[in-house]
Amino acid sequence: MKIYIEVNGQKKVYDVAPDEYLLDTLREDNFYSIKRGCDNSSCGVCTVLMDGKAVQSCTLLSVKADGHKITTIEGYQDEAKKLSEHFGHQGADQCGYCNSSLALTVHAMKDEIVKPTNKDIKEYLVGNLCRCTGYEAQHRAIKLCLEDDE
Amino acid sequence: MEIVNYFKAKTVEEAYKKLQEDPSNLIIGGGAWLRLSSKTVNTAIDLEYVGLNQIKETENSIEIDAYVTLREVEKNEALSNLFSGIVNKGISGIMGVALRNLVTVGGSVVGKYSFSDFITPLLAVNTEVVLYKAGRMSLEDFLKLRTKEKDILLKIIIQKEEVLGYYYKMKKTGLDFAVVNVGVTNTLGHLKIVVGARPSLAAFAVKAMDYVNNQETVTDEVIEETANIAINELKFSTNSKASKEYRIELAKVYIRRGLKEVTK
Ligand SMILES: Cc1cc2nc3c(=O)[nH]c(=O)nc-3n(C[C@H](O)[C@H](O)[C@H](O)COP(=O)(O)OP(=O)(O)OC[C@H]3O[C@@H](n4cnc5c(N)ncnc54)[C@H](O)[C@@H]3O)c2cc1C
Ligand code: FES
Ligand code: FES
């Protein structure tokens, strides 16, 4: 099946199987920033944005993305750089496997919630698991990044 | 799940016709639950272009189309101002935002999941479902319906009643399924008690409701007795999440808390 997707502003045409997932379609097209973790909708490391909303690409059939806009971290390089600097300073980064999905989810949160509170941040990011850090340092880094935007 | 063909229907009629063409054809919502199954589907029928993606507020009700995502329902302001926000609260305890942005009302209601954090609060308020062929019926009747006929859920309708609500999902970790979940509502003095994830599907504690609704005042003793009746009439059992005994103890506590909350 042919599907038409805009990935990071670039128009793309993919030939996909009806039961192919977006994670596989995009990784086959060299978008390696999107990671595979649990592959069963539980960890969030495969998160991308579809029309600005965070979605799990391991669970989204590629055919469902037809006609929609997909953003991976490559589409937010400058913003991701700022966040990753805070991550570095706060010790919020170890293996880095979860980072791009986390940064995209933070972006979606900023679009959705004006001045997110600590509670908002925790609730919004509950689906983004990190095997290394324990979340406190990530939380501090995200807060600092939000303060920069003010 | 293996899918041989994918069909984006343009009308409900078209979707229904396709649904009947092969026993393995089915409607796909967000596809998140189906993804976990080992089914082989001849044609997956998608409703994206059918136009079932609105939440409408009328004078007396909130109507939510089947293709609306749970995240859209969770964020709906009109709904959060009703029933002490228990429908929104139930949804917000389901996994993370990135899953709730995918899963649909249709998949969540038709799936009749015993652990559902959507069905328990919906049952505790006045909810009806509208199916393409079977028409309109209460959610309670729909949950009891056992039929081989394949149908399409078009929408759910929630009556805008003056309801004080309580909902609690007891889970062991942030992203887990409920060990037990409890919804209690007070609609102008009429109390309803729903317990889900026992681990079977959410159900009313009918005898407990009869008892408490026939009391002059809801004292601590009445609350205690109501909770006792509820745990004795409902069936609880053991699975990998929790034992029957643990579930009973938990349900009793949350029924008590719920009744206190909605009658204070
Ligand atoms: C990892 C994971 C964890 C979860 N945890 C929870 C939890 O803790 N609490 C909770 O309440 N829920 C939980 N869920 C369930 C989730 O909230 C949804 O209810 C579920 O995924 C079904 O929604 P869907 O849109 O994905 O449906 P699908 O998977 O697309 O479909 C499910 C079923 O519904 C049918 N269907 C879909 N739409 C229609 C329609 N309009 N008419 C007729 N039939 C239809 C399909 O044919 C299929 O049989 C979880 C799901 C996953 C994947
Ligand atoms: S890989 Fe998609 S949620 Fe874990
Ligand atoms: S830094 Fe390793 S998984 Fe998050």
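Residues numbered from 1 in each chain as written. Chains lettered and ligands numbered in written order. Predicted model: local features only at pLDDT ≥ 70, side-chain atom pairs only at ≥ 80, totals over all residues. Heavy atoms only, no water.

A.B. asks: So what about the site of ligand 1? Which residues, and what values?
C.D. replies: For ligand 1, the set of nearby residues contains 34 residues, the closest of which are Ile27, Gly29, Gly30, Thr104 and Asp117 of chain B. Bordering ligand 1 are residues originating from chains A and B. Between ligand 1 and Gly107 of chain B, the relevant distance is 3.4 Å, taken from a nitrogen atom to a main-chain nitrogen or oxygen of the residue. In the model, a nitrogen atom of ligand 1 is placed 2.8 Å from a nitrogen or oxygen of the Leu153 of chain B main chain. (Near = heavy atom within 4 Å. Polar contact = N/O pair within 3.5 Å; in protein donor to acceptor, adjacent residues only side chain to side chain.)

A.B. asks: Lay out the interface of chain B and chain A in plain terms, naming residues and giving numbers.
C.D. replies: In this assembly, 27 residues from chain B lie in contact with 26 residues from chain A. Taken together, both faces of the contact between chain B and chain A bury some 2200 Å²; the carbon and sulfur share is 56%. Of all residues in chain B, Tyr6, Arg35 and Leu102 of chain B give up the largest surface area on contact with chain A, accounting jointly for 27% of the area buried on that side. Put simply, Glu112 of chain A and Lys75 of chain B hold a salt bridge, and the shortest N to O gap is 3.2 Å. Looking at the side of chain B that touches chain A, the elements with two or more residues in it are strand S1 (2–8), helix H2 (32–35) and helix H6 (97–100) of chain B. Of the residues forming the side of chain B that touches chain A, the biggest block, six residues, is contributed by S1 of chain B. (Contact = heavy atoms within 4.5 Å. Buried area = accessible area lost by both parts, 1.4 Å probe. Salt bridge = Lys/Arg side-chain N within 4 Å of Asp/Glu carboxyl O. Helix = DSSP H or I, 4+ residues; strand = E, 2+ residues; numbered from the N terminus.)

A.B. asks: Explain helix H2 (residues 77–90) of chain A to me, using residue names and the numbers behind them.
C.D. replies: All names here are of chain A. Helix length check: H2 (14 residues) gives 20 Å between terminal C-alpha atoms against 20 Å at 1.5 Å per residue, within 8%. Those residues of H2 that fall on the buried side of the exposure criterion are Ala80, Leu83, His86 and Phe87. Buried positions in H2, seen along its axis, are confined to an arc of 125° and lie on one side of it. Facing away from the buried side of H2, by more than 90 degrees, are the exposed residues Gln77, Asp78, Lys81, Gly88 and His89. (Expected span 1.5 Å × (residues − 1). Buried < 20%, exposed > 50% of the residue type's maximum accessible area, 1.4 Å probe, protein only. Arc of directions from axis to C-beta.)

A.B. asks: Quick one: what's the story with the environment of Asn81 of chain B, residue by residue and with numbers?
C.D. replies: All names here are of chain B. Assignment of secondary structure puts Asn81 in the loop between helix H4 (77–80) and helix H5 (86–92). The class for Asn81 is exposed, based on a relative accessible area of 63%. Asn81 sits 171 residues away from Lys252 along the chain, and the two C-alpha atoms are 28 Å apart.

A.B. asks: Give a description of the sheet that holds strand S4 (residues 53–56) of chain A that names residues and reports values.
C.D. replies: Residue and element names in this part refer to chain A. Here five strands make up an open sheet; going across it, the order is S2-S1-S5-S3-S4 and the pairing mixed. Looking at which strands have only one partner, the edges of the open sheet turn out to be strand S2 (10–15) and S4. Taken over all neighbouring pairs, the strand axes of this sheet differ in orientation by 40° on average, direction set aside. Lying over the sheet, helix H3 (residues 99–112) contacts strand S3 (47–50), S4 and strand S5 (69–71), oriented at roughly 35° with respect to S3. (Pairing = 2+ DSSP bridges. Axes fitted to C-alpha atoms, helices over the stretch in contact; angles between N-to-C directions.)

A.B. asks: Would you mind going over the packing of aromatic side chains in detail, with residue names and values included?
C.D. replies: All names here are of chain B. Counted by the stated rule, this structure contains seven aromatic pairs over all chains. Relative to Tyr132, the ring of Tyr16 has its centre 5.1 Å away and its plane inclined at 55°; by these criteria the two rings are tilted. Here Tyr132 lies in the loop between strand S6 (127–131) and strand S7 (135–138) and Tyr16 lies in helix H1 (residues 12–21), a separation of 116 residues in the sequence. Each ring, one from Tyr113 and one from Phe115, has its centre 5.4 Å from the other, and the planes form 10°; the classification is stacked. Residue Phe115 is classed as partly exposed on the basis of its relative accessible area, which comes to 22%. (Phe/Tyr/Trp six-rings, centres within 6.5 Å; stacked < 30°, edge-to-face > 60°.)

A.B. asks: Hey, could you go over the domain arrangement of chain B for me, with residue numbers and the actual values?
C.D. replies: Residues and elements named next belong to chain B. When cut into domains, chain B gives domain 1 (2–45), domain 2 (55–159) and domain 3 (164–263). The distance between the C-alpha centroids of domain 2 and domain 3 comes to 20 Å. Each side of the interface is counted separately: domain 2 has 24 residues, and domain 3 has 23 residues. For the interface between domain 2 and domain 3, the tally reads one salt bridge. (Domains from an automatic or database assignment.)

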